[in-house]
Amino acid sequence: MTSDALYHEALLRLARSATGAGRLPAPHATAERDNPLCGDDVVLEVSLEDGRIAAVGHRVRGCVLCQASASILGAVAPGRAPAEIARARAELAAMLREAGAVPAAPWEELAVFLPVRAVPSRHTCVLLPFDALGDALARARE
Amino acid sequence: MTKDLLARILAEVAARKPLVVATDLSTGAARLVHPFEPEAGLDPALAAAAREAAARDESTKLERPGGATFLRVFNPPVQVVIVGAVHIAQSLAPMVKLAGYEVVVVDPRRAFATEARFEGVPLVREWPDEALARIGLGRRTALVTMTHDPKIDDPALAAALRSDAFYVGSLGSKKTQAARRERLRAQGFPDAALDRIRGPVGLPIGARSPGEIAVSILSQLVMALRAPAAPGASAA
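Residues numbered from 1 in each chain as written. Chains lettered and ligands numbered in written order. Predicted model: local features only at pLDDT ≥ 70, side-chain atom pairs only at ≥ 80, totals over all residues. Heavy atoms only, no water.

Colleague: So what exactly am I meant to see when it comes to the interface of chain B and chain A here?
Modeller: Often the size quoted for an interface is simply the accessible area lost on bringing the parts together. Counting residues at the interface gives 11 residues for chain B, matched by 11 residues for chain A. Around 850 Å² of area is buried between chain B and chain A when both sides are counted, 47% of it from carbon and sulfur atoms. Of all residues in chain B, the largest losses of buried area upon contact with chain A belong to Arg-110, Trp-127 and Lys-151 of chain B, amounting jointly to 56% of the total for that side. Of the charged contacts in the structure, one is a salt bridge between Glu-130 of chain B and Arg-61 of chain A, with a shortest N-O distance of 2.8 Å. Summed over the shared surface of chain B and chain A, the result is 8 residue pairs in polar contact (both at pLDDT 80 or more). For the side of chain B that touches chain A, a count of residues per class yields 5 nonpolar, no polar and 6 charged. (Contact = heavy atoms within 4.5 Å. Buried area = accessible area lost by both parts, 1.4 Å probe. Salt bridge = Lys/Arg side-chain N within 4 Å of Asp/Glu carboxyl O. Polar contact = N/O pair within 3.5 Å; in protein donor to acceptor, adjacent residues only side chain to side chain. Nonpolar A, V, L, I, M, F, W, Y, C, P; charged D, E, K, R; others polar.)

Colleague: Quick question: what am I supposed to make of the side chain of Gln-79 of chain B here?
Modeller: Counting through the fold element by element, Gln-79 of chain B comes out in strand E5 (residues 79-83). Each residue touching Gln-79 of chain B, except ones within four places of it in the same chain, is listed here: Glu-102, Val-104, Ile-135, Gly-136, Arg-140, Thr-141 and Ala-142 of chain B. (Helix = DSSP H or I, 4+ residues; strand = E, 2+ residues; numbered from the N terminus.)

Colleague: Mind showing me how you'd approach the packing of aromatic side chains here?
Modeller: Both the distance between ring centres and the angle between the ring planes are used here to describe each pair of aromatic rings. Residue and element names in this part refer to chain A. One pass over the full model with this rule turns up 1 aromatic pair over all chains. With a centroid separation of 5.8 Å and an interplanar angle of 55°, the aromatic rings of Trp-107 and Phe-130 are classed as tilted. Here Trp-107, found in the loop between helix H4 (82-97) and helix H5 (123-141), pairs with Phe-130, found in helix H5; they are 23 residues apart in sequence, far enough to count as distant. A relative accessible area of 5% means that Trp-107 is categorised as buried. Judged by relative accessible area, Phe-130 falls into the buried class, the value being 2%. (Phe/Tyr/Trp six-rings, centres within 6.5 Å; stacked < 30°, edge-to-face > 60°. Buried < 20%, exposed > 50% of the residue type's maximum accessible area, 1.4 Å probe, protein only.)

Colleague: Honestly, the pattern of salt bridges in this entry has me stumped. Any pointers?
Modeller: When their charged atoms lie close together, side chains carrying opposite charge are able to pair. With the rule as written, the count across this model stands at 30 salt bridges over all chains. Two residues, Arg-56 of chain B and Glu-58 of chain B, come together in a salt bridge whose shortest N-O distance is 3.6 Å.

Colleague: Just to check I follow, could you spell out helix H6 (residues 174-186) of chain B for this structure?
Modeller: In an α-helix, one turn spans 3.6 residues, which is why side chains three or four residues apart end up on the same side. Residues and elements named next belong to chain B. Between its terminal C-alpha atoms H6 stretches 19 Å, which fits the 18 Å expected from 13 residues at 1.5 Å a residue. Along H6, the residues that are buried comprise Gln-177, Arg-180 and Leu-184. The arc that holds every buried residue of H6, seen down its axis, measures 65°, which confines them to one face. In H6, the exposed residues that point more than 90 degrees away from the buried face are Lys-175 and Ala-186. Elements that come into contact with the buried residues of H6 comprise helix H5 (150-161), strand E9 (167-170), helix H7 (191-194) and strand E10 (197-198). Two residues or fewer past H6, Gly-188 is found with a positive phi of approximately 105°. (Expected span 1.5 Å × (residues − 1). Arc of directions from axis to C-beta.)

Colleague: What's the story with the environment of Ser-3 of chain A in this structure? I'm lost.
Modeller: Residues and elements named next belong to chain A. The residue Ser-3 is located in helix H1 (residues 3-6) in this model. Assessed through its relative accessible area of 45%, Ser-3 is described here as partly exposed. Along the sequence, Ser-3 and Thr-30 sit 27 residues apart, while their C-alpha atoms lie 33 Å from each other.

Colleague: Is there a simple way to explain the nonpolar core in this structure?
Modeller: Most often, soluble globular proteins keep nonpolar side chains buried together rather than apart. Ranked by internal contacts, the top residues of the largest apolar core, which has 43 residues, are Leu-92, Trp-107, Phe-113 and Leu-133 of chain A. Elements represented by at least two residues in this core include exactly helix H2 (9-17), strand E1 (29-34), strand E2 (41-49), strand E3 (52-61), helix H3 (64-76), H4 and H5 of chain A. With 9 residues, H5 of chain A is the largest single contributor of residues to this core. Judged by nonpolar contacts, the second largest core, of 31 residues, contains Ala-85, Val-86, Ile-88 and Leu-123 of chain B. (Core = buried A, V, L, I, M, F, W, Y, C linked by side-chain atoms within 4.5 Å.)

Colleague: Please explain the sheet that holds E2 of chain A as it appears in this structure.
Modeller: Pairing between the strands of a sheet comes from backbone hydrogen bonds, and it takes one of two forms, parallel or antiparallel. Residues and elements named next belong to chain A. Spatial strand order, E1-E2-E3: 3 strands in an open sheet with antiparallel pairing. Sheet topology places E1 and E3 at the edges, where each strand pairs with a single neighbour. The sheet shows a mean angle of 20° between the axes of neighbouring strands, direction not considered. Sheet topology note: the E1/E2 ladder contains 6 bridges and is antiparallel. Residue pairing across strands places Glu-32 opposite Val-43, the latter belonging to E2. Each of E1, E2 and E3 touches H5; the most contacted strand, E1, lies at about 145° to it. (Pairing = 2+ DSSP bridges. Axes fitted to C-alpha atoms, helices over the stretch in contact; angles between N-to-C directions.)

Spelled out as C-alpha cells, the structure:
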C-alpha cells in the first residue's frame, strides 16, 4: 500500500472541504475522543430536534483520514436519527475490518475509505469521528 | 540599586524577558534596558552593547567618553522543547536537564507521553500549535521535532520558524527532510526560513544509539547557543 493509494484525491478533497467544521451556537451535547497512539483528536458537538440530528459541528486535529470521515458526518448526519448513525458506524467498521459492503445511501461516500482496509492500524482514524458522535448522542439522551 | 529597580528586574525575569541592567560605574545610577526592543532616546552605543551582551549571554563593561557602564545581563533560562515523546527523547530530556536547561516534551499521543517513560520531565499532551502558543517560543528557545509524523512535526516547525528560537531541529533522513521542506514551502515559508531547520539533526559524530543521537543533538544545540560563529555551527 503506497501512501498515494491511501490518500487518493477524493479523500484529500473531502478532508480539505472540512464540511461541518466549527462550533454550534447551542449544542445539546459535546464529546471528545482521541487516539492515544497517533494523537488524533476529535471534538464533536451535536444539536437535536424531534429526536433527529439538527446539526453537527466538529473540530479535528488529526490525519486526513480522520478529517475526511468528519467531513462525511458533517454532510450526512444532519436529519438522521441516532440509530442511523450507530448502524452506519457498524457497517463502516465491517467494511474496513471484515471486507463488508460499502454502507448504502446516504453513506455511499464512505467508499473513499476502501483502501484503508489494508491498513488495520489506521481503521481507528476513520472511526474516531463516528465514535465521538456516538458519545455525543448518548450524552444528549441522558 | 533601589528597591523599586530590584522589583522591576524580578518582574521582568519572572516574565522571561531578556533584560540588561546598565549601571554607571562613577555614579552608581542604574537603569533597565530591554536589549531587543528599540527605545527612543537611548544612547545608540549603549543599546548596541546591551544587545550584544544579551545575545552573547555575557555581562560586560562598556567604556564611553563619559565614563564606564557595567552591563549586567539577565537572560531567561534556555528552554528546550522536544516534540515527540519517542525513544530518543527519553535520552535527550534528562541530558538537557543535566546541561542546566529547562526541558518540556510535547506529544498529543497519550500512549507515548507517559510519566513512566519520562520520569520527572514536564509533559504536555496537546497538539503542538496549542501547546507551543502557551509555552511561548523566544530567543532562548530550542525546539526539535522527533515524531516523524507530519501532522505533529509540521505545525511545531512552523511555530518555531515564526519565532526567534535560536535552534530548530528535526529528526529524519535527508529524504524526509526534503519532503518536509516542500510541505513547509507550500505553507509560504521562504528558503531563508527553511534553512534554519537543522536536518538531519545533530552534529555528525557517527551517532547510532538513541543516547548517542541525543548527545549529537545536545552538542549541536550548545554550539548554536555558545559558539554560533564557529565553523559548522549555523544551520544552512
